[in-house]
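An overview of the molecular structure
These are the residues of each chain, in order.
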Amino acid sequence: MQRQKVPFVPGVPGRVGMYLCGPTVYSDAHLGHAKKEVAFDVVRRTLLHFGYQVRYVTNVTDVGHLQNDSDDGEDKLLARARLEQLEPMEVADKYFWSFVRDMDALNVLKPSINPRATGHIPEQIELIEELIRRGHAYESGGSVYFDVRSWPEYGKLSGRRLDDQEEGTREAVREDKRDPRDFALWKQAEPGHIMRWESPWGEGFPGWHIECSAMSLKYLGEGFDIHGGGIDLEFPHHEAEIAQSEAAGHPFARYWMHNNMLTIGGEKMSKSKGNFTTLRDLLAVHDPMVVRFLLVGSHYRSITEFSDAAFESARSGYRRLTEALHEVERRLPTAPGKSDPALLENIGGHVRAFEDAMRDDFNTPRAVAALFGLTTDVNAALAAGEVGREALEAARTAYRTLGGDVLGLFAGGTAERGDDAQVVGALMDLVLQARQHYRLNKQYAQADDLRDTLASVGVTVEDTKDGPRWRR
RNA sequence: GGCGCUGUAGCCAAGUGGUAAGGCAGAGGUCUGCAAAACCUCCACCACCGGUUCGAGUCCGGUCAGCGCCUCCA
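All of these numbers come straight from a predicted model, not from anything done at the bench. (Residues numbered from 1 in each chain as written. Chains lettered and ligands numbered in written order. Predicted model: local features only at pLDDT ≥ 70, side-chain atom pairs only at ≥ 80, totals over all residues.)

This brings us to the overall build of chain A. Check the secondary structure of chain A and you find 14 helices and 13 strands. The C-alpha extent of chain A, read off along each of the three principal axes, is 90 × 50 × 35 Å. With 472 residues in all, chain A has 39% of them scored as buried. Taking contacts inside chain A between residues at least 6 apart in sequence as the whole, the part at least 24 apart equals 75%. (Helix = DSSP H or I, 4+ residues; strand = E, 2+ residues; numbered from the N terminus. Buried ≥ 20, exposed ≤ 12 C-beta atoms within 10 Å, placed from the backbone. Contact = placed C-beta atoms within 7 Å.)

Turning to the nonpolar core, a few remarks are in order. I128, F146, L185 and A395 are the most contacted members of the largest nonpolar core, which has 109 residues in total. For this core, the two domains that each supply at least three residues are domain 1 (15-266) and domain 2 (307-406). In this structure, F146 is in contact with L131, H136, A137, D182, F183, L185, A240, A243 and Q244, ignoring residues within four places of it in sequence. (Core = buried A, V, L, I, M, F, W, Y, C linked by C-beta atoms within 7 Å. Domains from an automatic or database assignment.)

Bringing unusual backbone geometry into the picture now. The general pattern is negative phi for most residues beyond glycine and trans for most peptide bonds. In the segment running from F235 into P236, the intervening peptide bond is cis, with an omega of 5°. Phi at N107 takes a positive value of approximately 65°, unusual for a residue other than glycine. As for its placement among the helices and strands, N107 is situated in the loop between α3 (88-105) and α4 (121-133). Although it is not a glycine, K442 adopts a positive phi angle of roughly 55°. Tracing the backbone through its elements, the reader meets K442 in the loop between α13 (421-440) and α14 (444-456). Look at K442 and you get exposed, because 8 C-beta atoms sit within 10 Å.

The next point concerns the domain arrangement of chain A. Along its sequence, chain A is carved into domain 1 (15-266), domain 2 (307-406) and domain 3 (421-471). Between the C-alpha centres of domain 1 and domain 2 there is a distance of 40 Å. Every contact between the two is made by six residues of domain 1 and, on the other side, six residues of domain 2. Top contributing element to the side of domain 1 that touches domain 2 by residue count: helix α1 (residues 31-49), with five residues. Looking at the side of domain 1 that touches domain 2 residue by residue, the class counts come to three nonpolar, two polar and one charged. (Nonpolar A, V, L, I, M, F, W, Y, C, P; charged D, E, K, R; others polar.)

Bridge count for strand β12 (residues 460-464) against strand β13 (residues 467-471) is five bridges, and the pairing is antiparallel. In the sheet register, E462 faces β13, and the bridge partner there is R469. Linking β12 to β13, which pair antiparallel, is a turn of two residues. (Pairing = 2+ DSSP bridges.)

On to the sheet that holds strand β5 (residues 183-188). Spatially, the four strands line up as an open sheet ordered β3-β4-β5-β6, and their pairing is antiparallel. Each edge of the open sheet is held by one strand with a lone partner, namely β3 (137-140) and β6 (204-206). Each strand of the sheet is rotated relative to its neighbour by a mean of 20°, with strand direction disregarded. (Axes fitted to C-alpha atoms, helices over the stretch in contact; angles between N-to-C directions.)

What follows concerns the sheet that holds strand β8 (residues 255-259). With parallel pairing, four strands are arranged side by side in an open sheet as β2-β1-β7-β8. At either margin of the open sheet sits one strand with a lone partner, and together these are β2 (53-58) and β8. On average, adjacent strands in this sheet sit at an angle of 20° to one another, irrespective of strand direction. Sheet topology note: the strand β1 (residues 15-20)/β2 ladder contains six bridges and is parallel. By the bridge assignment for β2, G17 is matched with R55. Docked against the sheet, helix α5 (residues 210-220) engages β1, β2 and β7 (226-230), running at close to 155° with respect to β2.

Let us now look at the pairing of β7. Burial within β7 is extensive, with five of its five residues counted as buried. Relative to β7, β1 runs parallel, the two being bridged by three bridges. Paired with L20 across the strands is G228, a residue of β7. Of the strand pairs in this sheet, β7 and β8 are connected by five bridges, and their pairing is parallel.

This paragraph deals with the confidence of the model for chain A. When pLDDT is averaged along chain A, the result is 91; 93% of the residues meet or exceed 70. When the elements of chain A are averaged for pLDDT, helix α2 (residues 76-84) gives the smallest value, 86, and β2 the largest, 98. Confidence drops under a pLDDT of 50 for residues 68-72, and excluding neighbours within four residues, the segment shows eight contacts in the predicted structure. pLDDT under 50 marks residues 166-173. Its contacts with residues more than four places away, or in other chains, come to eight contacts. Our summary of model confidence lists the complex with pTM equal to 0.94 and ipTM equal to 0.95. (pLDDT = per-residue confidence, 0-100.)

Rendered as structure tokens:
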């Protein structure tokens, strides 16, 4: 807890336990959420690449957090349930599966364990009881609060001192709290509150920090390695997690990682500002891999500025990468046995650059630059003439391992097109044959007409030395 | 008010005190029936003002601008 970049040493050699604060499933996820998910997915993939075994735990918050800590706030899940005329559990399930679908599309690996808050009420109650026993929490009017003043370390993560905080300026001071900065561990359920559980303090529901402590400790154990989340959760959410865990006698996460925000027009993309683009909408019309490429193009601790121009730029850049990879794979089956020492050395250099970048706090922009360096060398060699099998293999492995496995940029690969692929392929062969016929007879108007028509439905035709080629 | 972050080319974006990665866009050229792709070449007074240093985008101080958190937020 040094509030700076430090070398990582796992608690158990070769193994890493990491926990990521997951989504509250009351609405569709947006691009900002994707930045977080992709960032930590890349962390996980990088650790795997370097030989670690990773247990990756991320929660699903299906108990609505209160909109604020006083009682006038409404539970977001309940509010949504009323709006959509659904049971709260239906809302949670609906948006949980929506989230899963988005993450699958973005090629985010599934968590090792994906616990739900509502499935861990007993664990949360147990933790609260420990806190009361140790004198760090108190019951008041059917609710339980963490006693911030009893825990001097509160604030160590975010570097805040209690005395620096303005008291009660942003919310009405609750009369049943001893201190306005105390936070709820358990809330008494008001009469109309649907989601409620029995507890030693009457019927109620858990506070909005306790689930992460209970579930991360349960599945990763005390002093687990890495805890991640958005930087906007650093305070108070993560601060509270640490305080309530350690005050209960359980050493908490040893390393903290916070991703920065995604902005649009310089402002944080967020639900409350309404300036968000849902992944559902975005992925319906755009290649998810381009979205992922865009996200990976800035460092996880940096702000990512999103715009149409940035997206177009990502699309072009991503295509440069995939075209080179595809060309390598096209040539591989017929590649000669010659050796290309200079090219091989360059490929090795780019692989090293990539790995060095990832070792240095997961510097994905530098890693991507290495991929482009690789691409320039490979393309130059390809343009210069025949390239031997060995070098092509090395290039292919570099792309698939680094770009594919580590950055997760090549989901699906070649076999993703589905049942129509064969039919489409056959039709395209036919069309291209016809066009070649025109071209050989110098009937360029007809040939160009065909090409324009195909372009209008999103098919690009390129004439190369080896004949025509098409892509979508 | 407190804690913290950012300001690098038209856009996106790295940058460990030693002289500005990468991508997109743009310009010129090679190739091509044309185009596309690819290749080659070109494209930065690092917000401003001081200071430390042989040397500063990088360190220190200040100014200006913007952002995040301190309410729910990834």
